[in-house]
Amino acid sequence: MSSTPHDNDVILGRGRLISAHPGNVRFRHLVSQKREMYSQSRDNKFKRSVALSIVEEIESLDPPGRFLISQTGIKFAGIKEGVWVCVEKEKAIEKVLHRLREKNLGNCMKENGVQQESSGAKEGQSMLVSQNNSSANKNQVDGRSVATGDWHQLVIQSQIEQNTDLNCHSDNTSHLQANDYVSMPFEVGRSSETKVIQGSTRDDNGSGSCRINLSKTSKEYMVNFGRLMQSEPLVQSSNQCIKFDDVTNALISSHFDDEYDLIDPNILTLQQWIDESKPSDKSALPVYIRSAILIALKLTERLIFAGQSAGENPDANNRIPIAVIDARNVLVTVASEDLPTGSQITEEFNWDMSESSTELNKQEKEGSIVRKCILRVEFSPIVEINCVPDTTMSRLAALGCILYELVSIGERLSLHSISKEAFSLNAIQLNNDGNSDDGSELIEQRSKKSTPRPVDDRYSHLTMKLASIGIPHRLIDMVENLLNCSQGEFSGDYAYKSLDEVMVDLELMLNDPSRFLNSTSISDNLDLAISDELYGREKEIRKLRDVCERCLEGKSCGALILGEGGVGKSTLAMCTKLFTHDANGYFVSGKFDRNSTRPFMAIGDVFNSICDSFASDIQSPEQERTMAEALTRSLGNDACLLLDIVSNLSKLLPLHASCESSSVDAASRTRYLLLTLLDTLSKFSKPIIIFLDDLHWIDPASLSFCNALLQHTKNNKNLCFVFCSRYIEEKTADNINVNDWLQSLSESTLETIHLTNLNPEEVNRLVSGSLRTSPRLTRSLSTVLHSKSLGNPFFLRQTMEVLCKEGYFHFSLIERKWKWDLDEILDLRLDDNVVALLTRQMSKLPEDLLIGLKAASCIGNFIPYSIVGILSKHLGLDLDAIFRSLVQRSYLTDNDSTRFRFAHDRIHQAAYTMMSKKQQRDDHMKIGLAICRYVLEYNENDYDMMFIGVNQLNQGGPDALSDERQHFTIAQLNLKAGQRALALTDFPSAFSFFDHGIKFLRPDYWKIHYQLSLTLFSAAVESACALSDATHVTSFTEVVLKHSQCLEDRLAVLYFAVKSLKKAKRLLACRDGILRVLEQMGEDTFNVLATPPAEDIHNTNDLLTSTMTDDFFIHMCQCSQKSFIFLMRFYHELVYVYYVIDPTRIFGISLRMVVLTFQNGLTDTSSLAFAYYGMEVTAKGNLMIGNRLGTIALRLSENSKYISNVIAVVKQYISWVSEPFHAIAESNLVGFHAGNRIGDEFSSSLNYYLHTTTCFLCGKNLSVLKEVCSAEIVRLIENKHKWFVPSFSMLYWVIAELIDGSDFQSTNHNPLIPCEQSIVTIPANAMHGSLELFLDICKLMRSLFFRRDMDKCVSVLDRIMAACQLRPLTIIGVFFEGLISFEMARKASDSMKWISNGEIALTFMKKWESSKWNFENKIKLLEAERMRSLGFFDLATKLYQEAILSSEKHKFVHEHAISLEMQGLFFVSRKFNDDAKISLEKSVKFHKTWGANAVAKRIETYVTKHLTNGNSTES
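Keep in mind that what you see is a predicted model, and the values were worked out from it rather than measured.

A. Expanded view of the packing of aromatic side chains. One pass over the structure, following the stated rule, counts 45 aromatic pairs. Ring centres 6.3 Å apart and planes at 85 degrees place the aromatic pair Tyr1249 and Phe1334 in the edge-to-face group. Pair noted here: Tyr1249 is in helix α52 (residues 1241–1258) and Phe1334 is in helix α56 (residues 1329–1346), with a separation of 85 residues, a long-range link. Judged on exposure class, the residue Tyr1249 and its partner Phe1334 are both buried. These aromatic residues form a ring-pair network of at least three members: Tyr1136, Phe1232, Phe1242, Tyr1248, Tyr1249, Phe1284, Phe1288 and Phe1334. Here the guanidinium or amino end of Arg884 rests over the ring plane of Tyr865, the centre of that ring lying 5.8 Å away. Taking the ring centre of Tyr943 as reference, the NZ or CZ of Arg980 above it sits at 4.4 Å.

B. Quick look at the environment of Cys1269. Tracing the backbone shows Cys1269 in helix α53 (residues 1262–1278). The exposure class of Cys1269 is buried, given its relative accessible area of 0%. Once residues lying within four places of it in the same chain are set aside, the contact partners of Cys1269 are Thr1252, Phe1288, Leu1291, Tyr1292 and Ile1295.

C. Looking closely at helix α49 (residues 1183–1196). With 14 residues, α49 should reach 20 Å at 1.5 Å per residue; the first-to-last C-alpha distance of 20 Å fits that figure. Residues of α49 that are buried: Ile1185, Gly1186, Arg1188, Leu1189, Gly1190, Ile1192, Ala1193 and Leu1196.

D. Layout of the sheet that holds strand β15 (residues 558–563). Pairing is parallel in the open sheet, where five strands are placed in the order β16-β17-β18-β15-β19. Edge positions in the open sheet fall to β16 (586–591) and β19 (751–755), since each of these has one partner strand only. Neighbour-to-neighbour, the strand axes of this sheet turn through a mean angle of 15 degrees, independent of strand direction. As judged from the five bridges shared by strand β17 (residues 688–693) and strand β18 (residues 719–726), these two strands associate in the parallel manner. Within β18, the position partnered with Ile689 by the bridge is Cys720.

E. Layout of the packing of helix α51 (residues 1221–1238) against α52. Closest axis-to-axis distance for the α51/α52 pair is 8 Å, and the angle between their directions is 160 degrees. By the angle between their axes, α51 is roughly antiparallel relative to α52. Once α51 is placed against α52, the crossing between them reads as left-handed. For the pair α51 and α52, the contacting residues are Phe1221, His1222, Ala1225, Glu1226, Asn1228, Leu1229, Gly1231, Phe1232, Gly1235 and Asn1236 in the first and Ser1244, Asn1247, Tyr1248, Leu1250, His1251, Thr1254, Cys1255 and Cys1258 in the second. Of the residues that constitute the contact of α51 with α52, the class distribution is eight nonpolar, nine polar and one charged.

F. How the structure looks around helix α27 (residues 793–805). A rise of 1.5 Å per residue sets the reference length of α27, with its 13 residues, at 18 Å; its end C-alpha atoms lie 18 Å apart and thus fit the reference within 8%. Burial analysis of α27 places 11 of its 13 residues in the buried class, the great majority of the element. Listed in full, the buried residues belonging to α27 are Pro793, Phe794, Phe795, Leu796, Arg797, Gln798, Thr799, Met800, Val802, Leu803 and Cys804. Two to three positions downstream of the cap, the backbone nitrogen of Phe794 sits 3.2 Å from a side-chain oxygen, assigning the N-cap of α27 to Asn792. Looking at the residues trailing α27, positive phi occurs at Gly807, about 90 degrees.

Definitions and limits used
- Residues numbered from 1 in each chain as written.
- Predicted model: local features only at pLDDT ≥ 70, side-chain atom pairs only at ≥ 80, totals over all residues.
- Heavy atoms only, no water.
- Phe/Tyr/Trp six-rings, centres within 6.5 Å; stacked < 30°, edge-to-face > 60°.
- Helix = DSSP H or I, 4+ residues; strand = E, 2+ residues; numbered from the N terminus.
- Buried < 20%, exposed > 50% of the residue type's maximum accessible area, 1.4 Å probe, protein only.
- Lys NZ or Arg CZ within 6 Å of the ring centre and 35° of its normal.
- Contact = heavy atoms within 4.5 Å.
- Expected span 1.5 Å × (residues − 1).
- Pairing = 2+ DSSP bridges.
- Axes fitted to C-alpha atoms, helices over the stretch in contact; angles between N-to-C directions.
- Parallel < 35°, antiparallel > 145°, perpendicular 65-115°, else oblique.
- Left-handed = near helix turned anticlockwise from the far one by under 90°.
- Nonpolar A, V, L, I, M, F, W, Y, C, P; charged D, E, K, R; others polar.
- Polar contact = N/O pair within 3.5 Å; in protein donor to acceptor, adjacent residues only side chain to side chain.

Below you can see the structure in the form of structure tokens.
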């Protein structure tokens, strides 16, 4: 039954119409998608299923697709005409399998240049066809024809199938018949092969070779069959006409059976291509020219490849003979492919015509179809030219003839006609290929005028014709220089020396037409435009892109780019802006300045840019609300504290004014808030790349933040950091920390990219691009410039600008190209470094520009617009116009809408060094006075302006002042600036301001300006303490103690002095200092520490047990007396010291603090006083008072800077009596976050440690806790907060052994984690008391879990029961010692001693039996063990079961497992083996649930050994 094809049908047959049929296009696409799956399988059934899936997918279309075949032959006018029938499904599957078996062209090209036979080809006879008609070159070897001098030969068997096949592209009006034999070369693996097409029959009467004769007026070709180099002829007829498309399509179908089966080919001679592509008018000429250049490039590549294959032997077969290099032997294949949008294809070349529009070049989107173009160019030995000597120069000239025919749009030019006279001379043994292109030799050989010698005017008539057509002059020059190669040794200096040079120039014309091809106006060329491209950085750019991609996968933090000044670090880093655009993310940047005008300037710029980017992307009120809610949840009420640094935060969150908030460490608080802000924003999916430049100028506060930033965001997949820094060779006090930090970054956190100077070849590329001249012509000049600039890109560019300005480069209006005198440049004495070069150039500026440049250099890298008008008025100059003139001269830039900036830090350095030291100080002082005068008169709250002005005054220094009265004013300004810096938590800047303010004071300042002096010195001590600068704390404190008038004036510096001792861990000195101050304040320290007054204890407890409500204590009056506030602070510091060295003294100190609070009112430390005293009374058994004190302390601390500290004390030392351990663990986590929020890093870390240990005691999963411990240890070490590292490490190793057993230390662990041996060997005098106790408790736990060394455990009972503070860990220590004691009572000879020890533990535990959630199961288990040891087995059985049920009820999974094991061992001792096995197997299950795999394995081994075979021995 006949059918009419529709668009979903697959047509079986040959021809363009069939190939272009939509169903066939879809079919080829399906095959290409599944070919890899097909080829990777060796299972024939699977392969058949792949083919079947393709058939079924076509049949599932709407309307269903069919496989159709014609019953009327393939000669028809269109697919819709003719008779079509459906093939059987099995036949369709066979055809699909045939297509799947065929290899694609890309794979064929990789197999050593040898074309494999198509899997679908039928067997036939192989025939050899020579490519050369000259019988002198033909020989007979083993029955095969061999062309000795041929440039290439390859014979492949193939056959044109008589039956139809899928998608073969022959013309629809004719096809090849049997006995038609054609020979034609094709390119495979960049080699040209001879292709034989064989029919189904053969005539044995003759043989011969064939040649294709070209006809310019028709696509028909005459195929002349001569005699082949065989004994018998193949065909009888000598001439037969066939259609060109039939021949070529048949060849393509069999030779490139896969790749070309996917495209619609058009194989044309070069002349035909020119005829079809010639521009209709001048507007189409650029398209034609670029197409012609592409063809010339492919021809050049072909010649180079053939020459490389031939090696040094010019007679090798692969070398294309000079006789073949002719335009008439060029075949061009331009094919288009239609594929569904988004599909992938392998292309020889994707024609890019970004500068012009053409049907061949552009990608056309027609519905769902994308059209791409593929180009192939090859030589075919169709005709031979009269031979000339085969040298490099002659081959170049021949290529020039082809290029001339291309660009002249069809005018024929014969190599013989331009070479006759030249090669008659060269025949006299002038056989030099002219391949030398070494730049250093050219320098020596160059004449006095070193510009290359031009060619003669032999070809002027040709070039004039090209110019009249409109061909760009650079392309005309190329043609002329190639044709000039015909002169051999007498060619000019512009003549090419190798095909590689031609290919380089063609690629430059194609890839960078604006520089190397297009004709530009004369005015555009008069100014030298130094190329700003990154030359020689391709490897670094790829690495940087890879780093960014790994960052977005969470595998890297970013990159650190290091190098000398001027090597292009910043330019390379800016490439990440393009990567960010590709990832649809945000790119933000900040730049550190040596003369930073305000604290956190670069960090603030980054965060402001991030907020601004997010704000601009908000599309709806709902998005705005979602963002604001997320920020409010994460930052809370502290968000307003960031406004001084991140003013643009108000664009995302409604904030109107800064709020007051106290903190333990304001810098830590600010770091935490900034990191939280970044975390919150980065969760909104878009990646953020943060670029920080000039890291070598980073200030200490920003360095601390950047270090925390990198540690905090290690695994954040939406963040990537790129840092740039110069090498810091000289270590000074200012940069030693920066240098060490950079080294640590390059070793671990960031991937380092080292940038070096450019090599000579890379310099040549830069010079070539700048001069818009071929690299071969600039190589000698580049060698000289490289030697003078050492390849430093910035130095090189500045050198070229100087040479241009001084006339050593000049643009020739006649030749329209840049010219130079190499000898004069060689003789020129240039500066040794870029700063000296820039200084010399700056000295030639007009006076007003020079004044403006110097003033800008004093301000810094950035010059805010806001101060330009102020300085203009002061200096009497129009600085805005001056700065914009400097922008035009490339000294400054104004890309930022708020400020000018120096184009490069070397320019800034050069401008600043033009002034003497005295002039620098004087100018700083003048600028500072002008700015500060404006601030004082108009806006005292303009802190940014004030920071700039005060910085200028400080750089000027006291010696630059002429008016003594100004010293006091400048000291006051420094005080104000320092206090503002303190508010911004920039302690280094604050200290610098205070220190400079002190220096501006006159010698008699304590007498004249006492209050200012006291305030400056006290603030300096505070900031020095924050910086852990003990030297300045001591020196400034001594000055205050010497000059202060009363004790109250000294309290502030004394307080920060003892805090400095505490931070340095000089605890005994700190204690002595505090006690001395307390005694000076009238405190009886002896009684406070030794014997607290009984009356105070009684009165305090009575008051706390009275009917007074909690609100009464919470709303007591606030005391504002300075001396009392400091008195309470000193006692608070004393509590900390004694907690470490002697905890028994805390009771008296905390009692005294509570008494003082009741007497004088509340202070900021009152919450701690209640918490400490509650801790003490709870340990003494007064649970009611302890619980009330804890409640009051928590309520008082809600808005206090000590909230984290209070939570740690109350929850761990008081609340465990009344709250489940699980709730306490969560409360400590709240304390951890609260500590971060207020900058209390010590209390924050303490809370996290208590949270982790309590989670361990609650039976949380051990694997999770192990990871938590590891991460926290690394964080503490990296942030240099090592106080809790031993405790976390010990817990880590206990967990590791519970998981991995005795081999736990041999498994992989982070090398930063201290080994267990290093912890247990800490000297006793250096070990924290609580740490020592923790180590002993860990030994008890491990002894019980692994049933080893129980008799060697150190008792903790006495120490715990005598301790003044109790917390969950210590109570659990008593529990484990009790279990071990009862176990040893059944094994040791002195059982009564062990039973007594266990009973003491049980009695101690029963003191807390009111807290059933925490202790019921533990007490039950201890009683069960006691009853068992005493022989009361029935009671023991009951108690074991009650302990098991209680531990399960209260969710202590690990203690559930312990109870089951104890019960199982009890059953073993009673010979109840079945019950014992059940209990022990359950214990194994719950140990595994906990994660203690090693303990579970020990019990499993015991069960297997003792209970499997009926053995009931207890181990």
